[in-house]
Amino acid sequence: MVDVSLRHAALGLLSQEPASGYDLLKKFTESMDNMWPATQSQLYGELNKLADAGLIKVSDLGPRGRKEYAITDAGRAELHRWMMSPQDDPPIRNAAMLRVFLLGQLTSSQAHEYLESLRSLSEQEHAHYEQVLDAYDWSADDDAFFARAVLEQGLRWTQHEIDWANWVIDGLNRRSRKSS
């Protein structure tokens, strides 16, 4: 099965400029972590698949076998096709919300513990995005502007998750007080 999001994220970054796998992984971490994190093994595997499919090519070889990749015309065509086809996106699945839906199967204290951990993860993620926000000049060009737009979505989403988790925890606390 093709990892469509990783495939197209790599093509998109390479459409901006040629890069090595290391450089792409750094860009993923700096700009796409909130929507599509990638591990080194996932990214390097996908680069090999993209090259085999003729969507990218090795444009430069550096010291110690460092390969720099560039997008091909076929890669640009595939990226464009994918970008113009949002109707083909898979349905959104959210394991965290499935757990919340089923929290009634746990004790109140277990549900509270889960919600606290969910809030804590959102707070950590939000703090990370704030660090990324402060680390870059987002006004350089269109690519920087749209990367900043994605980061803003991550900041707003994690703040929403924090606010929502607080709301659920407050509601759970009220329910516990009522039943006592």
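Just so it is clear, the model here is predicted, and its values are computed rather than measured.

Criteria and cut-off values
- Residues numbered from 1 in each chain as written.
- Predicted model: local features only at pLDDT ≥ 70, side-chain atom pairs only at ≥ 80, totals over all residues.
- Heavy atoms only, no water.
- Patch = residues over 30% accessible without salt bridge, like charges linked within 9 Å, V, L, I, M, F, W, Y side chains within 5 Å.
- Areas by Shrake-Rupley, 256 points an atom, 1.4 Å probe, with all protein chains shown as cover.
- Salt bridge = Lys/Arg side-chain N within 4 Å of Asp/Glu carboxyl O.
- Helix = DSSP H or I, 4+ residues; strand = E, 2+ residues; numbered from the N terminus.
- Buried < 20%, exposed > 50% of the residue type's maximum accessible area, 1.4 Å probe, protein only.
- Pairing = 2+ DSSP bridges.
- Phe/Tyr/Trp six-rings, centres within 6.5 Å; stacked < 30°, edge-to-face > 60°.
- Axes fitted to C-alpha atoms, helices over the stretch in contact; angles between N-to-C directions.
- Parallel < 35°, antiparallel > 145°, perpendicular 65-115°, else oblique.
- Left-handed = near helix turned anticlockwise from the far one by under 90°.
- Contact = heavy atoms within 4.5 Å.
- Nonpolar A, V, L, I, M, F, W, Y, C, P; charged D, E, K, R; others polar.
- Arc of directions from axis to C-beta.

(A) A look at a nonpolar patch on the surface. On the surface, a nonpolar cluster with roughly 360 Å² of combined accessible area is contributed by L98, F101 and L102. Here L98 lies in helix α5 (residues 95–101). Among the residues examined, L98 registers a relative accessible area of 51% and is labelled exposed.

(B) Representation of the sheet that holds strand β2 (residues 56–61) in the model. One open sheet accounts for 3 strands, arranged β1-β3-β2; its pairing is antiparallel. In this open sheet, the two strands that pair with only one neighbour each are β1 (19–20) and β2. Pairing analysis gives 2 bridges linking β1 to strand β3 (residues 67–71), with the strands arranged antiparallel. Paired with A19 across the two strands is Y69, which belongs to β3.

(C) Just the packing of aromatic side chains, in detail. Here the structure, examined in full by the defined rule, presents 2 aromatic pairs. Relative to W138, the ring of Y136 lies with its centre 5.6 Å away and its plane at 70°, an arrangement referred to as edge-to-face. According to the relative accessible area criterion, Y136 is partly exposed, its value standing at 35%. Arranged with centres 5.0 Å apart and planes meeting at 75°, the rings of F145 and F146 form a pair that is edge-to-face. Relative accessible area serves as the criterion here: at 52%, F146 is assigned to the exposed category.

(D) A look at the packing of helix α2 (residues 21–32) against helix α3 (residues 40–52). It is at 10 Å that the axes of α2 and α3 come closest, and there the two elements cross at 125°. Considering the angle they form, α2 stands oblique to α3. Two packed elements cross with a definite hand, and for α2 against α3 that hand is right-handed. Within the contact between the two elements, α2 uses G21, Y22, L24, L25 and F28 and α3 uses Q40, L43, Y44 and L47. When its residues are assigned to classes, the contact of α2 with α3 shows 7 nonpolar, 2 polar and no charged.

(E) Quick look at helix α4 (residues 73–83). Within the span of α4, buried status applies to G75, E78 and L79. Down the axis, α4 shows its buried residues gathered within 100° of arc, on one side only. The exposed set on the far side of α4, more than 90 degrees from its buried face, consists of D73 and H80.

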